[in-house]
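# Coordinates in review
Each chain, letter by letter, is given below.
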Protein chains: 2
Amino acid sequence: MTTIILPDYLYTPEGYLREKAVAFDDRILTIDTPERLREKYPEARLIDTGSDSILYPGFINVHTHLEYSANRTRLEYGDFLRWLESVIRERDTLVPQADNALMEAACRQMLRCGITGFGAVSTFGTDLEVCRRVPQRVTYFNEIIGSNPATVDMLYQDFLQRLDASRSCSPEERITPAVAIHAPHSTHPVMVRRAVALAREEQLPLSAHFLESPAERQWLEEAAGDFKSFFENYLKSDRPVTTIEAFLSQFDGYSSLFVHAVQTTEEERGHLAEQGHHVAHCPRSNRLLGCGRYPLEDRRVPVALATDGLSSNWSLSLFDEMRAALMLHYQAPLQELAELLLRAVTLEAARSLRSDAGRIEEGAPADFALIRLPQPCPREEDLALQTILHTRQAERVWIAGEELPLDHE
Amino acid sequence: MTTIILPDYLYTPEGYLREKAVAFDDRILTIDTPERLREKYPEARLIDTGSDSILYPGFINVHTHLEYSANRTRLEYGDFLRWLESVIRERDTLVPQADNALMEAACRQMLRCGITGFGAVSTFGTDLEVCRRVPQRVTYFNEIIGSNPATVDMLYQDFLQRLDASRSCSPEERITPAVAIHAPHSTHPVMVRRAVALAREEQLPLSAHFLESPAERQWLEEAAGDFKSFFENYLKSDRPVTTIEAFLSQFDGYSSLFVHAVQTTEEERGHLAEQGHHVAHCPRSNRLLGCGRYPLEDRRVPVALATDGLSSNWSLSLFDEMRAALMLHYQAPLQELAELLLRAVTLEAARSLRSDAGRIEEGAPADFALIRLPQPCPREEDLALQTILHTRQAERVWIAGEELPLDHE
C-alpha cells in the first residue's frame, strides 16, 4: 500500500523543501510535487498534514543504556569517579529493577519524541527481549569489558554468545547486531583487537566510549589521577592496559562511533576525522558527570547527538538533548548550531550506525517523525531552531512505512 | 482555618529539614515537629504529603513580559539587534494578539510549574487586568522608556497614569505596584531620575534592564557598534543619553533589580553588590538573543533567576530555566549551582522584589509548591539537583494558604 504524505515542509539532507510530498511503502519511493505523485501513484492514500507541519526522518538516538533505565535519583552526579562508584554500588539493585516493562516504557518515551531508531549498549543482554519487541530499529551494541588478562577468554566467549543471540533475530524485529568496546582503560587490548576484527569482518556497527572524563585521560597518559585508586581498589592494577594512540589505531580504516570524546586533543580529533569515524556527543550526560564540554566547534569530525542512558540523564528525549546542547554551546552561532544538531540526530546519527535511515531521500527506509510548529515561522533559516525550541513530542511517527500509535503524555 | 502540612522534606533558608511540618493560615504560623504542631493546633487539618515529597516556598519568576506572550516563532533569534528589529517589526501584531485569554494561559503555565509570584514588566498596561485576575502575587513593573528629551514629560505622565492604575488594586488582587526603567540607552536621564526618586520615596520595587548585550555596552561606551545605526535610523540620535556610571549611580542606596547584566565588568558587579542590588539572570533569553553568559561564578551579587518573556524564550517554566542554567554554566560545581539556582527562584527572587515571600519561615506568606521526586534520593546534598532535574510541574500549589487547582498538562 503506497502512501503520499504532504507536509508544509520536508526536511531533507539538502535542506527544507516546500510544496514537495513523499510517496512511500516501507521505503521512500519518490519525492516530488503532490500533483506529480498523485499522477504516478493514483491508488495511493494521501495524508495532508497541514500548516506548520514539518516531516523529519525518524530521529535516531545512537547511544543509550536501557539496562540502567531504573535510575532516577540514585546515582551520584557531579564527578565522574563518584558517579562510577555509585554505579558499582547501586548496580545490583538498579539492573534487576529495569525489568521489561520499565525498559519498554523508556522506549515508548523515545517513540513519543519521534525516535524511530536507537543504539542500545547492552552490558548484560537483559535488554534484548525488549529491543526485539519494540517497533524501533535497534542497533544492538553487545558490550565487551574487562581489563584483567586472566579473564579475557571467558569474557570474550560471553560476548560472542550475546552477539549470537542478537544475530538470531528475525528481520521484522529490526535488530542490527553490533559491537561496543567499553573503553580504552577498561577493555584489554587482546579483546579490543578480536572484537574490532570481528566487527570489521562482518561489517557490524562498532562503538567505544572514548576519553569521556579528564580522569580517564590522566590515567591513560600518566597512570595517575582519580582512576588510580579506583583501579588499585577494584582491579588490583597500577597501570593502564593501553595508550590512547594504541587504542585508537585499532580502529583505523573501519568507521566507528566514538562516544563522548570530550577530552580528545585537536590531533586526536584530526585522526578521528581522517579515519571516517563519528563522535557521539552526549551534552547532558557529560555535564552531569563533570566531564566538560565536547568542542563541537571542531567541525572536522561528524557528530551524532545522543542522550546516553538514564544512568546519566533525566530523559531520553533528543529534543531535551538538543535544547540542552544550545545552552552548553552558548557561544556557537545559533541557527547554524540548530542545523548541525538536527543533522546529528538524523543523517549523521544514521551514518554513525552504518544505517541508511535518518534521511528523507528516495530508497531510504520510510521512518518519519512529524512535528508541528506552534505558529507560522517567517524565516526558513529559523526552521531548525524553532523545531528544537518548541517540540516536546512528535505529532505522528512512522517506521518502515507503518504509522505507530503514540500514547501522548 | 489552620492547616498543618507534613512533607518528606521542607526547603528552608537554612537548608532541607526532615521530620518537620508547617502550620499555616494565610501566613506561616509555626515550623516544628508534627507532634508538637498537632498539640499546638488541635483543630488544624493535617496534610501528609508522603514519600519523596518536598515542600518549597512558591517559586518566583522576577522578570517576564506578559504583553509579548503571543510570540512563538515570529521573533528572530541569534543576535540582539536583529531580535530588537524583529520586535519593532512584529510588535503591532504580537501585542494585540496577546489578549487576556492568552496571557492568562501563560500565568496558568507558570502556576502549574509552581510559580506563585512573578514580576510583570508592563510596557503598555494591557496586562493589568489579567494580573489582577490571576491568583499569583504580581509585582507589576510599570515600564518607562524614551530617550528623546522632547517627549520626556508626556512619557512620564503616561507612566504615572499606569502606575496609578496598578496602585488602585484591592489587596486580594495581590498586585504590588513597581517601577521598571527600560534601560540606560533607552531612557532619558531626566526620567530615570524622577522614576528612581519616586520608587525610593514610596519604597516601590525598582528594576532596569542593564548591559544585556555587547552592542549596548559598545554604544554606551563608544557611541559605536550595532546600536549606532539603530539609533540613527529609529531615533535620529548619534550618541548615548548617559554613561554606564552615571546611570548606575542613580540607584545608589536603593536596592534594585538589574536585569541581565551579562556584559557588566567585575568593577560594576562590585558596585551592584555594595549597593545591595540584585541581578535578574535570564539564561535562555541571553542565549537566544546572542548576549553571552552572565558570570554567575561572581558570587558577590545576589542573583534571582527569571525566564524573561515569551518574546525571548520557549516557556515560562523556572524548572526549564534552571535546567538550562545547569548547561550554560557547565563548569560550575553541580550541587552547589543547583542550590544557588533554587535560592535564586525563592529567597533571592523575593528579596529582589522587596517581598517577604519566597521562604518557608515563620511569618512569611503561606505560598508553597509541593514537588515529588520520582525515587528516594539517597543523599541530602543531591535534593536541590534532583528537584531541578526531575520536576516538570508542581504537584500542588498554595497561595496565601489557599490551595489552587492545577490543570495539569
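Bear in mind the structure is a predicted one, so any value in this text is a computation, not a measurement. (Residues numbered from 1 in each chain as written. Chains lettered and ligands numbered in written order. Predicted model: local features only at pLDDT ≥ 70, side-chain atom pairs only at ≥ 80, totals over all residues. Heavy atoms only, no water.)

## Observations regarding the domain arrangement of chain A
Residues and elements named next belong to chain A. Quick reminder of the rule: Residue ranges assigned to each domain were obtained from an automatic or database domain assignment. Note on definitions: a residue-residue contact is assigned when non-hydrogen atoms from the two residues lie within 4.5 Å. Buried area, as used here, totals the accessible surface that two parts lose on assembly, with accessibility defined by a 1.4 Å probe and the loss added over both. Salt-bridge detection follows one rule: a side-chain nitrogen of Lys or Arg within 4 Å of a carboxyl oxygen of Asp or Glu. Counting of polar contacts relies on pairs of N or O atoms within 3.5 Å, with two restrictions inside protein: one atom must be capable of donating a hydrogen and the other of accepting it, and residues adjacent in sequence are counted only when both atoms are side-chain atoms. Each helix is a run of H or I in the DSSP string that is no shorter than four residues. Each strand is a run of E no shorter than two, and both are numbered from the N terminus.
For chain A, the assigned domains are domain 1 (3-57 + 360-404) and domain 2 (59-352). Across the boundary between the two partners, domain 1 contributes 26 residues, which contact 23 residues of domain 2. Summed over both sides, the interface of domain 1 with domain 2 buries roughly 2,100 Å², with 67% coming from carbon and sulfur. When residues of domain 1 are sorted by the area they lose upon contact with domain 2, Leu385, Ile388 and Ile399 head the list and together hold 28% of the total. Linking domain 1 with domain 2 are 1 salt bridge. In this structure, the salt-bridge partner of aspartate 367 is arginine 137, at a minimum N-O distance of 2.5 Å. At the junction of domain 1 and domain 2, the tally comes to 7 residue pairs in polar contact (both at pLDDT 80 or more). Residue assignment for the side of domain 1 that touches domain 2 shows that the elements contributing at least two residues are β5 (45-57), β14 (368-372), α15 (383-390) and β15 (396-399). Broken down by element, the side of domain 1 that touches domain 2 gets its largest block of residues, 5 residues, from α15.

## Topic: the pattern of salt bridges
Rule in force here: Between buried and exposed lies partly exposed: a residue is buried under 20% and exposed over 50% of the maximum accessible area for its type, with that area taken using a 1.4 Å probe on protein chains only.
Enumeration over the complete set of coordinates arrives at 58 salt bridges over all chains. Residue arginine 36 of chain A is joined to aspartate 32 of chain A by a salt bridge in which the shortest nitrogen-to-oxygen separation is 3.0 Å. Linking arginine 217 of chain A and glutamate 268 of chain A is a salt bridge whose minimum nitrogen-to-oxygen distance equals 2.8 Å. Here arginine 217 of chain A is found in helix α7 (residues 214-222), whereas its partner glutamate 268 of chain A is found in helix α10 (residues 266-274), with 51 residues between them in sequence. Glutamate 268 of chain A carries the same exposure label as arginine 217 of chain A, and that label is buried. Through salt bridges that share partners, Glu76, Arg82 and Arg89 of chain A together with Arg379 and Asp382 of chain B make up one connected network.

## Looking at the sheet that holds strand β12 (residues 278-281) of chain B
Residue and element names in this part refer to chain B. Short version of the rule: Think of it this way: DSSP has to see at least two bridges between two strands before they count as a pair. Only C-alpha atoms enter the line fits that serve as axes; for helices the fit covers just the stretch in contact. Angles between N-to-C directions range over 0 to 180 degrees.
Within the open sheet, the 8 strands sit side by side as β6-β7-β8-β9-β10-β11-β12-β13. Their pairing is parallel. On the outer flanks of this sheet lie β6 (59-64) and β13 (303-305), each paired with one strand and no other. Adjacent strand axes in the sheet meet at a mean angle of 25° when their direction is disregarded. Packing of helix α6 (residues 189-202) onto the sheet brings it into contact with β8 (137-144), β9 (175-181) and β10 (206-210), and relative to β9 it is tilted by some 155°.

## Remarks on the relation of the copies chain B and chain A
One chain copy maps onto the other through a rotation about an axis and a shift parallel to that axis. Put simply, the rule is: The copies were overlaid with a least-squares fit restricted to C-alpha atoms from residues scoring a pLDDT of at least 70 in each copy.
Each copy superposes on the other: chain B lies on chain A with an RMSD of 0.0 Å after a rotation of 180° and an axial shift of 0.0 Å. Overall, the copies show the geometry of a two-fold rotation axis. Judged by C-alpha distance, leucine 328 of chain B is the residue of chain B that lies nearest the rotation axis, at 2.4 Å. Counting the interface residues of chain B, we find that 100% of their copies in chain A are interface residues as well, pointing to one common contact surface.

## Some words on the interface of chain B and chain A
Put simply, the rule reads: Any residue that is not Ala, Val, Leu, Ile, Met, Phe, Trp, Tyr, Cys, Pro, Asp, Glu, Lys or Arg is counted as polar, Gly included; the first ten are nonpolar and the last four charged.
If you look at the interface, chain B gives 42 residues, while chain A gives 42 residues. The contact between chain B and chain A buries some 3,800 Å² in all, and 57% of this surface belongs to carbon and sulfur atoms. Its largest share of buried area at the contact with chain A, chain B owes to Thr73, Arg287 and Met327 of chain B, together 22% of the area lost on that side. At the boundary of chain B and chain A, one finds 2 salt bridges. The salt bridge involving glutamate 76 of chain A is made with arginine 379 of chain B; its shortest N-O contact spans 3.7 Å. The interface formed by chain B and chain A holds 24 residue pairs in polar contact (both at pLDDT 80 or more) in total. Mapped by element, the contributors of at least two residues to the side of chain B that touches chain A are α11 (283-288), α12 (318-328), α13 (334-344) and α15 (383-390) of chain B. Per-element tally for the side of chain B that touches chain A: the top contributor is α12 of chain B, with 5 residues. Across the side of chain B that touches chain A, the residue classes break down as 20 nonpolar, 10 polar and 12 charged.

## Regarding the sheet that holds strand β7 (residues 115-122) of chain A
Residues and elements named next belong to chain A. Read across the open sheet, the 8 strands follow the order β6-β7-β8-β9-β10-β11-β12-β13; overall the sheet is parallel. Looking at which strands have only one partner, the edges of the open sheet turn out to be β6 (59-64) and β13 (303-305). Each strand of the sheet is rotated relative to its neighbour by a mean of 25°, with strand direction disregarded. Pairing of strand β11 (residues 257-260) with strand β12 (residues 278-281), which is carried by 3 bridges, proceeds in the parallel orientation. Its bridge partner lying in β12, valine 259 is registered against alanine 280. Most of the contacts of helix α5 (residues 152-167) go to strand β8 (residues 137-144), to which it runs at about 170°, and overall it touches β7, β8 and β9 (175-181).

## Points about the UniProt feature "domain: Amidohydrolase-related" (unreviewed entry) in chain A
Counted only if it meets this: UniProt positions are given in the numbering used here, feature names are shortened, and annotations may be inferred rather than shown by experiment.
Per the UniProt annotation, the sites labelled "domain: Amidohydrolase-related" (unreviewed entry) are residues 54-402 of chain A. The straight-line gap between the two end C-alpha atoms of residues 54-402 of chain A is 18 Å; of that span, 41% is helix and 17% is strand.

## Describing the environment of alanine 349 of chain A
Residues and elements named next belong to chain A. Tracing the chain through its elements places alanine 349 in helix α14 (residues 347-352). With relative accessibility at 0%, the residue alanine 349 sits in the buried group. As a C-alpha pair, alanine 349 and alanine 101 span 248 residues in sequence and 27 Å in three-dimensional space. Every residue in contact with alanine 349, bar those within four places of it in the chain, is listed here: Ile60, Val62, Ala304, Arg343 and Ala344.

## Digging into the packing of aromatic side chains
What counts here: Two rings belonging to Phe, Tyr or Trp (six-membered ring only in the last case) form a pair when the distance between their centres is within 6.5 Å. Interplanar angles under 30 degrees mark stacking, angles over 60 mark edge-to-face geometry, and anything in between is tilted.
Applying the stated criterion across every chain, the model contains 40 aromatic pairs over all chains. Between tryptophan 219 of chain A and phenylalanine 231 of chain A, the aromatic rings sit 4.7 Å apart at their centres with planes inclined by 5°, giving stacked as the arrangement. Here tryptophan 219 of chain A is found in helix α7, whereas its partner phenylalanine 231 of chain A is found in helix α8 (residues 226-235), with 12 residues between them in sequence. Across the pair, exposure class does not vary: tryptophan 219 of chain A and phenylalanine 231 of chain A are buried alike. With 4.9 Å between their ring centres and 40° between their planes, tyrosine 11 of chain B and tyrosine 56 of chain B make a pair best called tilted. On the criterion of sequence distance, the pair formed by tyrosine 11 of chain B in strand β1 (residues 3-12) and tyrosine 56 of chain B in strand β5 (residues 45-57) is long-range, its members being 45 residues apart.

## Some remarks on the state of the cysteines
Put simply, the test is: Sulfur atoms of two cysteines make up a disulfide when they are within 2.5 Å.
Inspection of the entire model under this criterion finds 0 disulfides over all chains. Summary of cysteine pairing: cysteine 169 of chain A is not part of a disulfide, and the nearest cysteine sulfur, belonging to cysteine 131 of chain A, is at 9.0 Å. Cysteine cysteine 282 of chain B is unpaired, with the sulfur of cysteine 291 of chain B as its nearest cysteine sulfur at 10 Å.

## Here's the deal with the packing of α12 of chain B against α15 of chain B
Residues and elements named next belong to chain B. Operational definition: If an angle is under 35 degrees, it is roughly parallel; if it is over 145, roughly antiparallel; if it lies from 65 to 115, roughly perpendicular; otherwise it is oblique. Crossing handedness follows the turn of the near helix against the far one: under a right angle anticlockwise gives a left-handed crossing, and clockwise gives a right-handed one.
Packing of α12 against α15 leaves a shortest axis separation of 8 Å and a crossing angle of 115°. As summarised for this structure, α12 and α15 are arranged roughly perpendicular, according to the angle between their axes. For the crossing formed where α12 meets α15, the hand is left-handed. Of the residues in α15, those touching α12 at Phe319, Met322, Arg323 and Leu326 are Leu385, Thr387, Ile388 and Leu389. Of the residues in the contact of α12 with α15, the class split is 6 nonpolar, 1 polar and 1 charged.

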